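Fold and contact review
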Amino acid sequence: MTKKAAPKVGRHVLWFSWKLVTFFCIAFSLVALFRLHLRYDISSSAVSRTRSRIHYDGPAKIAFLFLARRELPLDFLWGSFFEIADVENFSIFIHSAPGFVFDELTTRSKFFYGRQLSNSIQVAWGESSMIAAERLLLETALEDPANQRFVLLSDSCVPIYNFSYVYKYLMASPRSFVDSFLDRKESRYNPKMSPTIPKGKWRKGSQWITLIRRHAEVIVDDEIIFPVFKKCCKRRPPLDARKGKMNMKLQKQHNCIPDEHYVQTLLAMSELEGELERRTLTYTQWNLSTTGNQNWHPLTFSYANAGPQQIKEIKSINHVYYETEFRTEWCRSNSIIVPCFLFARKFSRGAAMRLLSEGIVGTFDTSTLLDQSS
């Protein structure tokens, strides 16, 4: 019996040894991965901290970030807007089609010469490339420590006040202006985003944001939420008769529209909603004549409906009501009630020409309250 037991003990020892070796290999791999992840987090945080530690004593700038298809069709109006501003108080960055250059042949305003990003990408509506372009604009603008406010604009946006008013309005507030709300009626949240993005943190809002520097850094430094959007937030494809039953499967993809959710959700995930004015500074007139929110679309201002009365009505708006949250957002800048909007879209060339020719975007009295708060 003793002689037969020896081989059995040997096999047991061998099996235990292999098990021990396997355990240590797995443990070593996990430790290595953890250290690599920790090193990345520390490195990423160090970049952000280094950027934040840069001390700047000069005049604070507003970075105007234009998201353009190609050229800027309303450059003549913006040229007039910047003409009366101090060049130390603003900077301009344009994300346009790759390879497009702003010079004397492609723009009517000297303020846009050479302001295009050299690393721009091809952008498709409803895809993650839209928020990738926004992040590129913010990243480039953050290289200048003087830039303290960041305004994202489309190529159809116009200012409805002069530069002095816009500057004091933004600098008076220590908050970002980000339209952000919880829409319980929509179904754009993709369950595959969980657990990285819990449904309770899913937000919706206007793409057109204005940020303080610290919040711009949060967006640029994000390496967790953006990859999830890129993977899970897809545009629902149109129906195609040739695909037959496959259409049903394709239609189940969530119609996410990343640019209406990414910044809002990221700031909610970062517990920064308490530092926001949860509204946009850019007015959009929506077509409400159709039934169902999915059919809403922004109306374009033409020469005929961009007169003094229409602009006066936009300027008179002092609150926004969010139906899905039963919330009224009173428009404030540093706790002072102010007009809600500084910009508006979508404006045609004819509409912009009328604003300029009739002096609608002209000289305005700056609020003494804003002077005191700043």
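Keep in mind it's a predicted model, so treat the numbers as computed, not measured. (Residues numbered from 1 in each chain as written. Predicted model: local features only at pLDDT ≥ 70, side-chain atom pairs only at ≥ 80, totals over all residues. Heavy atoms only, no water.)

A few points about the overall build of the chain
Here is the rule we go by: By the criteria applied, helices consist of DSSP H or I runs no shorter than four residues and strands consist of E runs no shorter than two, each listed in order from the N terminus. In this analysis, two residues are considered to be in contact whenever any of their non-hydrogen atoms come within 4.5 Å of each other. For the accessible areas, the method is Shrake-Rupley and the probe is 1.4 Å, while residue cover comes only from the protein chains on display.
On a plain count of helices and strands, the chain comes out with 11 helices and 13 strands. Considering only contacts in the chain between residues 6 or more positions apart, those separated by 24 or more positions represent 78%. Accessible surface, the chain as shown: approximately 20,400 Å² in total, 58% of it carbon and sulfur.

What about the sheet that holds strand β13 (residues 343–345)?
Applied cut-off: Note on pairing: two strands pair once DSSP finds at least 2 bridges between them.
Reading across the sheet, the three strands line up as β4-β13-β8 and stay open at both edges, with mixed pairing between neighbours. Since the sheet does not close on itself, it has two edges, and those belong to β4 (158–159) and β8 (282–284), each with one partner. By the bridge criterion, three bridges tie β8 to β13 in an arrangement that is parallel. The residue bridging T282 from the neighbouring strand is F343, located in β13.

What about the nonpolar core?
A general tendency of soluble globular proteins is for nonpolar side chains to be buried together. To keep things clear, this is the line we draw: Throughout, nonpolar core names a set of buried Ala, Val, Leu, Ile, Met, Phe, Trp, Tyr and Cys residues whose side chains join them through atoms within 4.5 Å. Each residue is assigned to one of three classes by its accessible area relative to the maximum for its type, calculated with a 1.4 Å probe on protein chains only: buried under 20%, partly exposed between the two thresholds, exposed over 50%.
Grouped together as the largest cluster of nonpolar side chains are 52 residues, with contacts concentrated most on F64, W78 and F347. Of all elements in the fold, only β1 (61–67), α2 (75–83), β2 (90–95), β3 (147–154), α4 (163–171), α9 (308–315), β13 and α10 (349–357) reach the threshold of two or more residues within this core. The contacts of W78, once residues within four sequence positions are left out, are F64, F66, F112, L153, C157, V158, P159 and F343.

Focus: the state of the cysteines
The line we're drawing: By definition, disulfides here are pairs of cysteine sulfur atoms that lie within 2.5 Å.
Counting across every chain of the model gives two disulfides. At a sulfur-sulfur separation of 1.4 Å, the disulfide partner of C233 is C256. Disulfide C233-C256: torsion about the S-S bond near -90 degrees, hence left-handed. Remark: C256 occurs in the loop between α7 (246–251) and α8 (262–269) and C233 occurs in the loop between α6 (225–232) and α7; sequence separation between them is 23 residues. Each member of the pair, C233 as well as C256, is classed as buried. Put simply, C331 and C340 are joined by a disulfide, and their sulfur atoms are 1.8 Å apart. An S-S torsion of about 85 degrees defines the bridge between C331 and C340 as right-handed. Taken as a pair, C331 and C340 share a single burial class, namely buried. The connectivity of the disulfide bonds within the chain can be written as 1-2, 3-4, using the sequence rank of each bonded cysteine.

A look at α6
For the record, the criterion: Arc, as used here, means the arc of the directions from the helix axis to the C-beta atoms.
All of the buried residues in α6 are I225, F226, V228, F229 and C232. Each buried residue of α6 sits inside an arc of 160 degrees when the element is viewed along its axis, so together they form one side. Packed against the buried residues of α6 are α3 (129–141) and α8.

Things to note about the pairing of strand β10 (residues 327–330)
Only one face of β10 is buried: it carries R327 and E329, and the other face, with T328 and W330, is open. Pairing analysis gives four bridges linking strand β9 (residues 319–322) to β10, with the strands arranged antiparallel. The residue bridging H319 from the neighbouring strand is W330, located in β10. Between the end of β9 and the start of β10, which pair antiparallel, lie four residues, with F326 showing a positive phi angle near 50 degrees.

A few points about α10
Because each turn of an α-helix spans 3.6 residues, side chains separated by three or four positions end up pointing in the same direction. For α10, the set of buried residues is A351, A352, R354 and L355. Looking down the long axis of α10, one finds its buried residues gathered within 155 degrees of arc, a one-sided arrangement. Buried positions along α10 lie against α2, β4 and α9.

Digging into the confidence of the model for the chain
Caution applies to low-pLDDT regions: their predicted coordinates should not be interpreted in detail. This is how the line gets drawn: Per-residue confidence from the predictor is reported as pLDDT, which spans 0 to 100.
Looking at the chain, the pLDDT average stands at 83 and 75% of residues meet or exceed 70. Low pLDDT, under 50, characterises residues 31–47; the stretch is placed with three contacts to residues that sit more than four places away or in other chains. This model gives residues 363–374 a pLDDT under 50, and the stretch forms 23 contacts once residues within four places in sequence are excluded.

Description of the packing of α6 against α8
Note the cut-off: Throughout, an axis means a line fitted to C-alpha atoms (over the contacting stretch in the case of helices), and angles, computed between N-to-C directions, take values from 0 to 180 degrees. In this scheme, roughly parallel covers angles under 35 degrees and roughly antiparallel covers those over 145, while 65 to 115 is roughly perpendicular and the rest are oblique. By convention, the crossing between two helices is left-handed when the near helix turns anticlockwise from the far helix through less than a right angle, and right-handed when the turn is clockwise. Asp, Glu, Lys and Arg are counted as charged, while Ala, Val, Leu, Ile, Met, Phe, Trp, Tyr, Cys and Pro are counted as nonpolar; the rest, among them Gly, fall into the polar class.
Two numbers describe how α6 lies on α8: the axes approach to 10 Å, and their chain directions differ by 140 degrees. Judged by the angle between their axes, α6 and α8 are oblique. Between α6 and α8 the crossing geometry is right-handed. Residues I225, F226 and F229 of α6 form the contact with α8, whose own contacting residues are Y262, T265, L266 and M269. For the contact of α6 with α8, the class distribution of residues is six nonpolar, one polar and no charged.

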